[in-house]
Amino acid sequence: MHSQPESGALSAAAPLHPDSDLFARSGLQPLRLAGRTLLPIVQGGMGVGVSAHRLAGNVALQGGVGTISSVDLRRHHPDLMERTRGLRGEEAKREIDAANEEALRREIAAAKTLAGGRGLLAVNVMRAVSAYAEHVKTALQAGIDAVVVGAGLPLDLPDLAREHPKAALIPILSDARGVQLILRKWERKQRMPDAVVLEHPGWAAGHLGAAKVADTQDPRFDFERVVPETLEVLRKAGLEGQVPVIVAGGLRSHQDIRRMQALGAAAVQFGTAFAVTEECDADTAFKQVLATARDEDLVEFTSVAGLPARAVRTPWLQKYLSLIDRTQAVAHVKARCAKSFDCLAQCGLRDGLIGWGQFCIDHQLAAALKGDLKTGLFFRGRGALPFGDQIRSVRALFDYLLTPATA
């Protein structure tokens, strides 16, 4: 499935680090997280299989935060796919879950080898997936540096990580109210977030942190408002300067990082910009779909997970949206998941939830991973990409993000 060699960094240039000349000239401040000094560049987690070991390992190699998405990683392992082929019922779910846990362990080990001890490696786990707790525990047992959780409030994350006090715990939220709630709930568990990601639902890709599609453009999510509000929440909690704020959504340049740091953020998370790099774990055709799409090609809709989502208007998505009234009218509870996977704790298709998406998200995302334009669901964030429609290396993206425009 991989469209690029399985080797380490594709660039011959020496890896970057916070003490490098390039970073010294950037005028940016480093990210201090989990006892490490890092470049203020975070790669967002992207499933199914889009950000696996090769992308995450190469981002960490350059001194940033590389992130593996835990969702259905067996897709990158032919032996695990073969092991789970043709199964039905409870046996299928058990085997698929076990295969994905094994794939997660393999991907973490491979990413560590690529990173060579540089940067920081994280695993992103969706709170909405049914195997959420198992994925968190597996990642921690495999020695991951950080666990990032979005698509739901991870109120129980401190409990799951109790035996791993050195691992960084990072919730993805969209406003200061969510941060305040996490702090209040986690305080009772004697654990505070090691960082928080503030993701703007009006710009980000994939599942969005708003109640419904119409809410994604609410001004309360604007960075100029939410960053100061979050910093004030942290100050009142006695955590000023202790919990880095990472912002995500629609940010694409060195100037964006500088602007966010001027607001008080510590780092910027980039998703789509890393999805179109040479080292991204998806097929080249997947990258070309994202790289050539423009804002007018994107559409917001309600996912099968019940959350607003943003993706490229591909032939499959266009057809799905044209039939949405019909599919909603016949939505009903199914006896079982058609894939015997039950990947989501609550699924609009399986559970017959009116207003939620009525399609198999695992099937559609897996098709996109392989570059299948006819049936794939291609998540993408808004905004022009750093290199237009070109697919460049992780190192080239780091160089671009760290270099002032005037240079």
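For the structure itself, look to the data block above.
Procedures and definitions
- Residues numbered from 1 in each chain as written.
- Predicted model: local features only at pLDDT ≥ 70, side-chain atom pairs only at ≥ 80, totals over all residues.
- Heavy atoms only, no water.
- Helix = DSSP H or I, 4+ residues; strand = E, 2+ residues; numbered from the N terminus.
- Rg over C-alpha atoms; globule rule 2.2 N^0.38 Å.
- Buried < 20%, exposed > 50% of the residue type's maximum accessible area, 1.4 Å probe, protein only.
- Contact = heavy atoms within 4.5 Å.
- Areas by Shrake-Rupley, 256 points an atom, 1.4 Å probe, with all protein chains shown as cover.
- Pairing = 2+ DSSP bridges.
- Salt bridge = Lys/Arg side-chain N within 4 Å of Asp/Glu carboxyl O.
- Phe/Tyr/Trp six-rings, centres within 6.5 Å; stacked < 30°, edge-to-face > 60°.
- Lys NZ or Arg CZ within 6 Å of the ring centre and 35° of its normal.

Engineer: Got a sec to walk through the overall build of the protein? Specific residues and values, please.
Structural biologist: Scanning the protein from terminus to terminus reveals 16 helices and 13 strands. On C-alpha atoms alone, the protein measures out to a radius of gyration of 20 Å, which is about the 22 Å that the 2.2 N^0.38 rule sets for 407 residues. Burial statistics for the protein: of 407 residues in total, 56% are counted as buried. Nonlocal contacts in the protein, meaning residues at least 24 apart in sequence, comprise 68% of its contacts between residues at least 6 apart. Looking at the protein as shown, the accessible area adds up to about 16600 Å², and 50% of this sits on carbon and sulfur atoms.

Engineer: How would you sum up the side chain of Q43? Please name residues and give values.
Structural biologist: The topology assignment puts Q43 in strand β3 (residues 41-43). A relative accessible area of 0% means that Q43 is categorised as buried. Residues contacting Q43, with those up to four places away along its chain left out, are S51, L55, A56, V59, V65, G66, T67, Q269, F270 and F274.

Engineer: Give a description of the sheet that holds strand β9 (residues 206-207) that names residues and reports values.
Structural biologist: Taking strand neighbours across the sheet as the criterion, the three strands line up as β9-β13-β12 in an open arrangement whose pairing is antiparallel. Looking along the sheet, the strands with just one partner apiece sit at the ends: β9 and β12 (298-302). Strand direction decides the pairing type here: β12 and strand β13 (residues 308-312), joined by five bridges, are antiparallel. In the sheet register, L298 faces β13, and the bridge partner there is V312.

Engineer: Break down the pairing of strand β11 (residues 267-270) for me, citing the residues and quoting the values.
Structural biologist: Burial of β11 is two-sided: the residues A267 and Q269 facing one way and the residues V268 and F270 facing the other way are all buried. As judged from the three bridges shared by β3 and β11, these two strands associate in the parallel manner. Along β11, the bridge assignment pairs I41 with V268. Here three bridges tie strand β10 (residues 245-248) to β11, and the two strands are oriented parallel to one another. Within β11, the position partnered with V247 by the bridge is V268.

Engineer: If you had to explain the pattern of salt bridges to someone new, which residues and values would you point to?
Structural biologist: Close approach of charged atoms allows side chains with opposite charge to pair. Across all of its chains, the model carries 22 salt bridges by this definition. Ionic pairing is found between R235 and E232, a salt bridge with its closest N-O pair at 2.5 Å. Placement of the pair is R235 and E232 together in helix α8 (residues 223-236), with a separation of three residues, close to one helical turn. R395 is the salt-bridge partner of D399, the closest N and O atoms lying 2.8 Å from each other. You can see D399 and its partner R395 sitting in helix α16 (residues 394-402), four residues apart, about one turn around the helix.

Engineer: Explain the packing of aromatic side chains residue by residue, including any values.
Structural biologist: Applying the stated criterion across every chain, the model contains seven aromatic pairs. Relative to F359, the ring of F301 has its centre 6.4 Å away and its plane inclined at 55°; by these criteria the two rings are tilted. Note that F301 is positioned in strand β12 and F359 in the loop between α14 (348-351) and α15 (361-369), a separation of 58 residues in sequence. The exposure class assigned to F359 is buried, which follows from its relative accessible area of 4%. Linked through ring pairs, F301, W316, Y320 and F359 together constitute an aromatic cluster. Seen from the ring of F341, R74 lies directly overhead, with NZ or CZ sitting 5.5 Å from the centre. Taking NZ or CZ as reference, R382 lies 4.0 Å from the ring centre of W203, over its face.

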